[in-house]
Amino acid sequence: MITTELIAALQNGDAKAQKAIYELYAGKMLGVCLRYLKNEMDAEEVMITGMVKVFQNAKQYEGKGNFEGWLRRVIVNEALMFLRKKEPLHLAVEKEHLQLAAQEQADTALNEAELLALLHELPAGYRAVFNLYAIEGYSHKEIAEMLQINEGTSKSQLSKARALLQKWVTAQEKFSIEKNGTAQYRFAL
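Please read these numbers as outputs of a predicted model, since none were measured by experiment. (Residues numbered from 1 in each chain as written. Predicted model: local features only at pLDDT ≥ 70, side-chain atom pairs only at ≥ 80, totals over all residues. Heavy atoms only, no water.)

Once that is clear, we can look at the overall build of the protein. Along the protein, the regular secondary structure elements total nine helices and two strands. Out of the 189 residues belonging to the protein, those deemed buried represent 41%. Here the analysis covers contacts within the protein between residues at least 6 apart in sequence; of these, 74% occur between residues at least 24 apart. Surface summary for the protein: the accessible area is close to 10,800 Å², and the carbon and sulfur share equals 52%. (Helix = DSSP H or I, 4+ residues; strand = E, 2+ residues; numbered from the N terminus. Buried < 20%, exposed > 50% of the residue type's maximum accessible area, 1.4 Å probe, protein only. Contact = heavy atoms within 4.5 Å. Areas by Shrake-Rupley, 256 points an atom, 1.4 Å probe, with all protein chains shown as cover.)

Printed below as a string of structure tokens:
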């Protein structure tokens, strides 16, 4: 459990505190990175780089809000910087994407692996906006600032990401075989 004493020790550069924070949050933050990046090795690299930045900049955490939220923001920013270098975040406009009219809400149950696989199929820009908005809870204004795009582009990419995911989920449901014993996530597209 995170305590003010542990955070204070982290801010003073204590190696034991760094290890404790790493052990407490590495798994969760790797999961965050995997939602943004297709390759597990890249996700692990980003998570480690992000954790190092957290350790180096721990004094910037002012105790406002919870520590995990601050750490998550550092990790997400690191993942976005990596994405900018590896995959262009521009809109991948294809004729098929423009003709999607799936605006109705679909409430479906996906297991974690299926959801991650579908997210990885999205173009990088769609994936980043979808993760930031639907999963991380950022506003379109915040997303626009983080990705250096305008707010309308963020809304458009989210809409197109949702439409693609709805299309894929519908297609997948037609051919899926029910699996027993897997964790299910309720997900509103």
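A grouping of Y22, I48 and V52 is seen on the molecular surface, where their side chains present a nonpolar patch of about 220 Å² in accessible area. Relative to the helices and strands, Y22 resides in helix α2 (residues 15-36). Taking relative accessible area as the criterion, Y22 reaches 31% and is therefore assigned partly exposed. (Patch = residues over 30% accessible without salt bridge, like charges linked within 9 Å, V, L, I, M, F, W, Y side chains within 5 Å. Salt bridge = Lys/Arg side-chain N within 4 Å of Asp/Glu carboxyl O.)

Take the packing of helix α1 (residues 4-11) against α2 next. Two elements in contact, α1 and α2, have axes separated by 8 Å at closest approach and are oriented at 120 degrees. When the interaxial angle is binned, α1 and α2 end up oblique. For the crossing formed where α1 meets α2, the hand is left-handed. Of α2, the residues touching α1 (which contributes L6, A9 and L10) are A17, Q18, A20 and I21. (Axes fitted to C-alpha atoms, helices over the stretch in contact; angles between N-to-C directions. Parallel < 35°, antiparallel > 145°, perpendicular 65-115°, else oblique. Left-handed = near helix turned anticlockwise from the far one by under 90°.)

Attention shifts here to the pattern of salt bridges. If you walk through the whole model with that rule in mind, you get seven salt bridges. Across the pair R72 and E136 runs a salt bridge whose closest N-O atoms are separated by 3.5 Å. A residue pair is termed long-range when its members are at least 10 positions apart, and R72 in helix α4 (residues 67-86) and E136 in the loop between α7 (124-135) and α8 (140-147) qualify at 64 residues. We classify E136 as buried; its relative accessible area is 15%. Through salt bridges that share partners, K28, R35, E68, R72 and E136 make up one connected network.

Before going further, it helps to examine the environment of L119. Secondary-structure assignment places L119 in helix α6 (residues 112-121). Those residues in contact with L119 that sit more than four places away from it in its chain are R35, R127, F130, N131, I135 and L165.

Counted under the stated rule, the structure contains four aromatic pairs. Between the aromatic rings of Y61 and W70, the centroid separation amounts to 5.6 Å while the plane-to-plane angle is 50 degrees, which identifies the pairing as tilted. Exposure remark for W70: the relative accessible area of 19% places this residue in the buried category. Among the aromatic side chains, those forming a connected cluster through ring pairs are Y25, Y61, F67 and W70. (Phe/Tyr/Trp six-rings, centres within 6.5 Å; stacked < 30°, edge-to-face > 60°.)

Ranked by internal contacts, the top residues of the largest apolar core, which has 51 residues, are I21, Y36, F67, L71, L80 and L132. Only α1, α2, α3 (40-56), α4, α6, α7, α8 and α9 (151-175) provide two or more residues apiece to this core. Aside from chain neighbours lying at most four places away, what touches F67 is I2, I7, L10, I21, Y25, V54 and Y61. (Core = buried A, V, L, I, M, F, W, Y, C linked by side-chain atoms within 4.5 Å.)

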